[in-house]
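Given next are the chains, with one letter for each unit.
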Amino acid sequence: LRSLYFSGLTFIVAALVQAPWQLTFACGLQGVFAGQVGPAAALISVTVPDHELNSSLSKLNAGQYIGTTVGPMMGAALGFFLGFREVILIAGILPILSGVAVQLWVPRDVVERRAEAHRPQGEISVWNRCLTCRLEPNLCRSTAQAKYWS
């Protein structure tokens, strides 16, 4: 949500600038805060049932590429009629409205503690086995591992 709100604010700042250096600064801030696709994919991966996951992530990617393609065309057309400051201002309001929509309609994650992984007594992970063989070759279960590390 922060990236939606901050990117919207940086667009609004870009619409209000008076000098080229200010626009450069606003665009730099836009680049810093423009990370919505990763969190959206993470949100989809934890909220969508497994049998719909491929379809949902495909829709996210399609929306990203359609927006990247169609957005500049729509902005140029609207810029011709409204002016470019107004279009940039509209482009700043849209992410803020999207953030409000996400906050109102997307359910919050419920984080639950996972149960500790149960290992049968005496079983050692591969990493611990490697460390054990390195430090104490006589304690290794496999003579091949002991020979490798000695």
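Keep in mind the model is a prediction, meaning the values are calculated, not measured.

Undergrad: How should the overall build of the protein be read in this particular structure?
TA: Within the protein one finds 7 helices and 0 strands. A buried classification covers 15% of the 150 residues belonging to the protein. For the protein, the computed accessible surface area is about 11,900 Å², with 65% contributed by carbon and sulfur atoms.

Undergrad: I keep staring at the packing of helix α1 (residues 2-16) against helix α2 (residues 20-33) and nothing clicks. Help me out?
TA: Running from N to C, α1 and α2 cross one another at 170 degrees; their axes reach a closest spacing of 9 Å. The angle between α1 and α2 falls in the class roughly antiparallel. Within the contact between the two elements, α1 uses S3, F6, S7, T10, F11, V13 and A14 and α2 uses L23, A26, L29, Q30 and F33. The class makeup of the residues in the contact of α1 with α2 is 8 nonpolar, 4 polar and no charged.

Undergrad: Which parts of the structure should I look at to understand the side chain of T10?
TA: Structurally, T10 is set in helix α1. Leave out the neighbours within four places in its chain, and T10 touches A26, L29, Q30 and F33.

Undergrad: Could you clarify how one ought to interpret the environment of G35 in this entry?
TA: Within the secondary structure, G35 sits in the loop between α2 and α3 (37-47). G35 sits in the partly exposed class, given a relative accessible area of 39%. Sequence separation between G35 and L4 is 31 residues; the distance between their C-alpha atoms is 8.3 Å.

Undergrad: Just checking my understanding: could you explain helix α4 (residues 53-82) for this structure?
TA: At V70, α4 shows its largest kink, close to 30 degrees, and the proline P72 lies no more than four residues downstream. For α4, the full list of buried residues reads S56, G75 and G79. Buried positions along α4 lie against α3 and α5 (84-105). One or two steps after α4, the chain reaches G83, where phi turns positive at roughly 105 degrees.

Undergrad: Looking at this structure, how should I read the packing of α3 against α4?
TA: Packed helices, taken two at a time, are described by their axes: the angle between them and the distance between them. The N-to-C vectors of α3 and α4 enclose an angle of 160 degrees; their axes lie 10 Å apart at closest approach. Judged by the inter-axis angle, α3 sits roughly antiparallel to α4. Remark: the crossing between α3 and α4 carries right-handed chirality. Residues V37, A40, A41, I44 and S45 of α3 lie in contact with α4, whose contacting residues are L53, S56, L57, L60 and Q64. By residue class, the composition of the contact of α3 with α4 is 7 nonpolar, 3 polar and no charged.

Undergrad: Can you help me understand the confidence of the model for the protein in this one?
TA: Averaged over all residues, the pLDDT of the protein equals 79, while 72% of them reach at least 70. Of all secondary-structure elements in the protein, the lowest mean pLDDT belongs to helix α7 (residues 143-149), at 50, while α4 reaches the highest, 91.

Undergrad: Honestly, α5 in this entry has me stumped. Any pointers?
TA: Side chains three or four residues apart in an α-helix point the same way, a direct result of the helix having 3.6 residues per turn. A rise of 1.5 Å per residue sets the reference length of α5, with its 22 residues, at 32 Å; its end C-alpha atoms lie 32 Å apart and thus fit the reference within 8%. Tucked inside the fold, the buried residues of α5 contact α1 and α4.

Cut-off values and rules
- Residues numbered from 1 in each chain as written.
- Predicted model: local features only at pLDDT ≥ 70, side-chain atom pairs only at ≥ 80, totals over all residues.
- Heavy atoms only, no water.
- Helix = DSSP H or I, 4+ residues; strand = E, 2+ residues; numbered from the N terminus.
- Buried < 20%, exposed > 50% of the residue type's maximum accessible area, 1.4 Å probe, protein only.
- Areas by Shrake-Rupley, 256 points an atom, 1.4 Å probe, with all protein chains shown as cover.
- Axes fitted to C-alpha atoms, helices over the stretch in contact; angles between N-to-C directions.
- Parallel < 35°, antiparallel > 145°, perpendicular 65-115°, else oblique.
- Contact = heavy atoms within 4.5 Å.
- Nonpolar A, V, L, I, M, F, W, Y, C, P; charged D, E, K, R; others polar.
- Bend = angle between axes of the 7 residues up to and from the residue.
- Left-handed = near helix turned anticlockwise from the far one by under 90°.
- pLDDT = per-residue confidence, 0-100.
- Expected span 1.5 Å × (residues − 1).

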